[in-house]
Structure formats: structure tokens, C-alpha cells
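# Coordinate inspection notes
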Amino acid sequence: MTAPVTVRVPAKVNVQLAVGGLRPDGFHDLANVFLAVGLYDEVTVAPAEELRITCSGPDAAQVPLDRTNLAARAALALAERHGRDANVHIHIAKDIPVAGGMAGGSADGAGALVACDALWGTGASREELLEICAELGSDVPFSLVGGAALGRGRGELLTPLDVGGTFHWVFAVADGGLSTPAVYAECDRLREASGTGASAADVPEPEASETLLDALRAGDAAALAAAVANDLQAAAVSLRPSLAATLAAGTDAGALAALVSGSGPTTAFLVAGEAEAEKVADALRASGTCRAVRVTSGPAAGATVLTAPEGP
């Protein structure tokens, strides 16, 4: 019997998310600066008579257990490329907030892909794995790579970035999720309402901030705090006005920067160090503006095999 394979995959925060105008294909060009952080899902795959998914951990009840799950889609995509059946049991041990703008579903897709590759011995190249990731979704390639990277296109075209130190974060998890397509649609609506227009012809090409990239390279939290930006934040707050109170609570407690993570509704607070992180976390817990609070740091490694089949 082939031993199960377990892969650990990190959450992410977007320290910059610059969103271009609406393209004719319905997508937006992005300049998306990803930073992987130390909140993880663990994806375990084992041989089975048919493809099935189980999930445990916080918010597990919100995770789809059918073939819409990115982990299932990853297994099916790799199996199809290599002419085999995707007969595996995929178990997701969930610790990344669900529908929280931290790429938890994308992480599970990347984790299942790496785990199935190891279980089946398909020997897929890094390029092939990244190609499948890009087919699965815009954030999935970064979940594979980890660390820090600039995402172009829909976010799937990655350039690794140097990070010169550890950045400390506090995350406030909101009640319920936000639909990523709904947040992008609201961003377009707000742009139209402001008179700037929302199409790719109306909105400048998104670009990464050189100041922000310099701050990452230097490991300078204060400089990074001054440069973080999320073009989807106004849309997320428009759809979920209560996020404004969460952002204010973290800022009032001394966070260097406060922003919505990706499409939300998780909010992210950059702090100077571990002691400051605990102070901000305590204030957020006491504020009554969020469901849960998590403290961690980044950068974190991408998809990592923790257990693998033994060799012959």
C-alpha cells in the first residue's frame, strides 16, 4: 500500500494589489505583490477507490467537498495530463480562513497538486506544475512558490522578490466571506460612479510600487507600512461596512498599517514586532469587530512536502 503524502501550504497577504480596468474577457490586469505568511493548511492524499475530499479544522463546514474544490480540480488536472485516474482521498486540515482573501482555496489546490505528483511519481517539472496552477486560478501559482513575488496578468505570472527580513502581521477574521467576483464588480461600479470609468481603456496599467519593493528588500516594516495599498479595499468596505471598524481598531492599537487582505473580508495589520503584534491582537479581540484574530509573520515557504512515499 502506498503511504499517504502530506503537503503544507501557506496563506498569503497582498502587500500591494493594483487593479487595472475591466478587460473584454471579464478579468483585470494586476500588479499583485504577494507575501506568504505562516498560517497553513495541510493537504494529505492517499490512494482510494474514487476521488473524494474530506476537511477538518476551523470553518471546515464552509469548504466544498465536491469537484468544485480546487484540490479536486488539481488532482483531476494532473491525472488527465498523465493518463491516469484521480482515485485519491484528499484530506484538508484547514487553518487558513475560508473565503477570507488569504488564498486558502488556492493553497489547497497547490497542495493537492504537489501531493498527487509525489504520490503518483509523475515527475512533473516545476514549469508543468506552475502551468496547471495557472489554469486552476490566479492565486494558485503563488501558493506553490511562496516567499514573496510580483504577480502580473491575472496575478499568475510570477517574478520572485527578495525580502530582507521578517515582517510581523496580525489578521482579523470577519464573520462570513466575501465573493471575489462580487468585490471586483463593486470596484468597477465604484470607478464608474466616480466618473473615471472602469474599462481597461479608462484605468492606467497597474504597476508595482518601487518604494514598496525597496522596503521589502530592506526588511523595513515602517517603509513597507507607508507603501502598502489595495485597490479592492474600498469595494470590500463598501460591501461590508463593518470592516471599517476593524481597520480602525487595529490602527488605534498601534499597527503600522491596516488593510483589507486581497478581496477580503480578512483584515491585515502590519506591526513592528512580536510584542506589538500581541498588543494589537489583544485590542482586536476586545473590540468585538471580528470573529477571530491570528498572529504570524512572513515570508513563509511555499508548498512543502512533509511526508512522502518511501522509495523502493
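That block above? That's the structure.
Remember, predicted model here, so these are calculated numbers, not experimental data.

Reading the values: rules and limits
Residues numbered from 1 in each chain as written. Predicted model: local features only at pLDDT ≥ 70, side-chain atom pairs only at ≥ 80, totals over all residues. Heavy atoms only, no water. Helix = DSSP H or I, 4+ residues; strand = E, 2+ residues; numbered from the N terminus. Rg over C-alpha atoms; globule rule 2.2 N^0.38 Å. Buried < 20%, exposed > 50% of the residue type's maximum accessible area, 1.4 Å probe, protein only. Areas by Shrake-Rupley, 256 points an atom, 1.4 Å probe, with all protein chains shown as cover. Core = buried A, V, L, I, M, F, W, Y, C linked by side-chain atoms within 4.5 Å. Contact = heavy atoms within 4.5 Å. Salt bridge = Lys/Arg side-chain N within 4 Å of Asp/Glu carboxyl O. Pairing = 2+ DSSP bridges. Axes fitted to C-alpha atoms, helices over the stretch in contact; angles between N-to-C directions.

What follows is about the overall build of the chain. The number of helices and strands found in the chain is ten helices and twelve strands. Taken against the 2.2 N^0.38 rule, which gives 20 Å for 312 residues, the C-alpha radius of gyration of the chain at 19 Å falls within 12% of a compact globule. Expressed as lengths along the three principal axes of its C-alpha atoms, the size of the chain is roughly 55 × 45 × 35 Å. The 312 residues of the chain split such that 53% are buried. Total accessible area on the chain stands at roughly 12,600 Å², and carbon and sulfur atoms take up 51% of it.

So, about the nonpolar core. One finds Val15, Val33, Ile90, Trp120, Trp169 and Leu224 to be the most contacted residues of the largest nonpolar core, which totals 71 residues. Among the elements that make up this core, the one with the highest residue count is helix H2 (residues 104-120) (nine residues). Membership of the second largest hydrophobic core comes to 14 residues, among which are Leu17, Leu232, Ala236 and Leu247.

Tracing the sequence through the fold places Arg191 in helix H5 (residues 180-194). Overall, Arg191 belongs to the buried group, its relative accessible area being 13%. Beyond its immediate chain neighbours, meaning those up to four positions away, Arg191 contacts Val19, Gly20, Gly21, Thr196, Gly197, Ala198, Val203 and Asp231.

Moving on, we get to the pattern of salt bridges. A complete count under the given rule lists 15 salt bridges for this structure. In this structure, the salt-bridge partner of Asp231 is Arg191, at a minimum N-O distance of 3.8 Å. With Asp231 in the loop between strand E8 (229-230) and helix H8 (233-239) and Arg191 in helix H5, the pair connects residues that are 40 residues apart, well separated along the chain. With relative accessibility at 35%, the residue Asp231 sits in the partly exposed group. Salt bridges linked by common partners bring Arg81, Glu128, Glu131 and Glu135 together as one network.

The next thing to look at is the pairing of strand E1 (residues 5-22). For E1, the buried fraction is high: 16 of the 18 residues fall into the buried class. Inspection of the sheet shows E1 paired to strand E2 (residues 28-47) by 15 bridges, in the antiparallel sense. Within E2, the residue paired with Leu17 across the bridge is Asn32. Between the antiparallel neighbours E1 and E2 lie five residues, among them Gly26 with a positive phi of about 90°. When E1 meets strand E12 (residues 304-307), the two strands line up antiparallel, connected through three bridges. Its bridge partner being in E12, Thr6 is matched across the sheet by Thr307. Bridge count for E1 against E8 is two bridges, and the pairing is parallel. Residue Gln16 lies in a different strand from E8, and its bridge partner there is Ala229.

In this section: the sheet that holds strand E9 (residues 257-260). Strands sit in the order E9-E10-E7-E11 across an open sheet of four strands; the sheet is antiparallel. Strands at the two margins of the open sheet, each flanked by one partner only, are E9 and strand E11 (292-298). Along the sheet, successive strands turn relative to each other by an average axial angle of 25°, direction set aside. With five bridges joining them, strand E7 (residues 167-173) and strand E10 (residues 267-271) adopt antiparallel strand pairing. Bridging from a neighbouring strand, His168 pairs with Val271 of E10.

A few words now on unusual backbone geometry. Of note, the amide linkage connecting Gly264 to Pro265 takes the cis form, showing an omega dihedral of 5°. Locating Pro265 in the fold gives a position in the loop between E9 and E10. Residue Gly298 is joined to Pro299 through a cis peptide bond whose omega torsion reads 10°. Among the secondary structure elements, Pro299 is positioned in the loop between E11 and E12. In this structure, Ala103 is a non-glycine residue whose phi angle is positive, near 65°. Structurally, Ala103 can be placed in the loop between strand E4 (88-93) and H2. Take Ala103: its relative accessible area is 12%, and that puts it in the buried class.

All quantities given are derived from atomic positions and should not be read as evidence of function.
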